[in-house]
Amino acid sequence: MINKFELDMLLENANKARIQGDKRFAADRYRQAGDLLIEAGDYDNAIRILYSSVSLEMELGNPAQAETTLRRALTLVSREDVAYLEPQVIYHLAQALLAQGRKQDAILHLTRIIPLEKQFETDLYTPEARKELEKLGVEINLGKRPTAATVEEIQPDAVIVATGAVPLVPPIAGVKQ
C-alpha cells in the first residue's frame, strides 16, 4: 500500500524545487517518489516519475546518474504490464550513454528497439531507430558483399556480416515429427 501523503509531499517538493531552479533537490525527490511507486507496484507511474529525475540529471550534466536510474527503469520494463515503455527507456539510456562518450554502448541499446526479425530489412526500421542510428553516424550497407579491399577502404568500427542460415536437420527417423 502506498503512502499517498508521502508521495504527494515528495512530488510537491520536487515540483517546487524544479520551479525554483534547485534541480539537484528536485531530481532526488523525483527519484524517491519513483522508489515509493516501485515499492507499491505501480511501475508505470514509477517509470514516468523517474524520467523527471533523469531529465534533470541530464540538465545537470550528470549522465552517469541518469544511466543508473534508467538501468533501474529497464529492469522494470521487463514486466509485461509496462513492456510498452521499453523503447522509451532504451532511447533515453542511449542518450545518457552518448553524453558519456559511450557511442558503442548506445548503439547496442538502440538496436534492441528494432524487432529482431526486422533489424536488417531497411523498409521496416522504426523511424525513431533509423533517425537515432543516422544521428550516431551508423552506416548500414545491405545486400553488398564485403571484401577485404572494401573493408580496408572504408575502415569501419565494426563489420557485421548477416549471411542467414538454414538449420541442419540430421537424418534421424521421426525427427520432423
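Q: Would you mind going over the overall build of the protein chain with me for this structure?
A: What the protein chain contains, in helices and strands, is 8 helices and 0 strands. Ordered by position in the sequence, the α and β elements of the protein chain form the string α-α-α-α-α-α-α-α. In the protein chain, which comprises 177 residues, the proportion classed as buried is 31%. In the protein chain, once contacts between residues fewer than 6 apart in sequence are set aside, the share between residues at least 24 apart is 48%.

Q: Please explain the nonpolar core as it appears in this structure.
A: Membership of the largest hydrophobic core comes to 40 residues, with the highest contact counts inside it found for Tyr30, Ile47, Leu70 and Val89. A per-element tally of this core places helix H3 (residues 43–59) first, with 8 residues.

Q: What is the right way to look at helix H4 (residues 63–76) in this model?
A: Helical periodicity: at 3.6 residues per turn, an α-helix aligns residues three or four positions apart in one direction. Taking 1.5 Å per residue, 14 residues should reach 20 Å; H4 reaches 20 Å between its end C-alpha atoms and fits that length. Buried within H4 are the following residues: Pro63, Ala66, Glu67, Thr69, Leu70, Ala73, Leu74 and Leu76. As for H4, its buried residues are in contact with helix H2 (23–39), H3 and helix H5 (86–99).

Q: Looking at this structure, how should I read the pattern of salt bridges?
A: Opposite charge on two side chains permits pairing when their charged atoms draw close. Enumeration over the complete set of coordinates arrives at 12 salt bridges. Where Lys23 meets Glu59, a salt bridge forms, and the shortest distance between an N and an O atom there is 3.0 Å. One end of the pair, Lys23, is in helix H2; the other, Glu59, is in helix H3, with 36 residues separating them in the sequence. Of the charged contacts, one joins Arg71 and Glu67 as a salt bridge, the two residues approaching to 2.8 Å between their closest N and O atoms. Linking Arg71 with Glu67, this pair stays in helix H4, spanning 4 residues, or about one helical turn. Through salt bridges with shared partners, one network takes in Arg24, Asp28, Arg31 and Glu57.

Rules used throughout
Residues numbered from 1 in each chain as written. Predicted model: local features only at pLDDT ≥ 70, side-chain atom pairs only at ≥ 80, totals over all residues. Heavy atoms only, no water. Helix = DSSP H or I, 4+ residues; strand = E, 2+ residues; numbered from the N terminus. Buried < 20%, exposed > 50% of the residue type's maximum accessible area, 1.4 Å probe, protein only. Contact = heavy atoms within 4.5 Å. Core = buried A, V, L, I, M, F, W, Y, C linked by side-chain atoms within 4.5 Å. Expected span 1.5 Å × (residues − 1). Salt bridge = Lys/Arg side-chain N within 4 Å of Asp/Glu carboxyl O.

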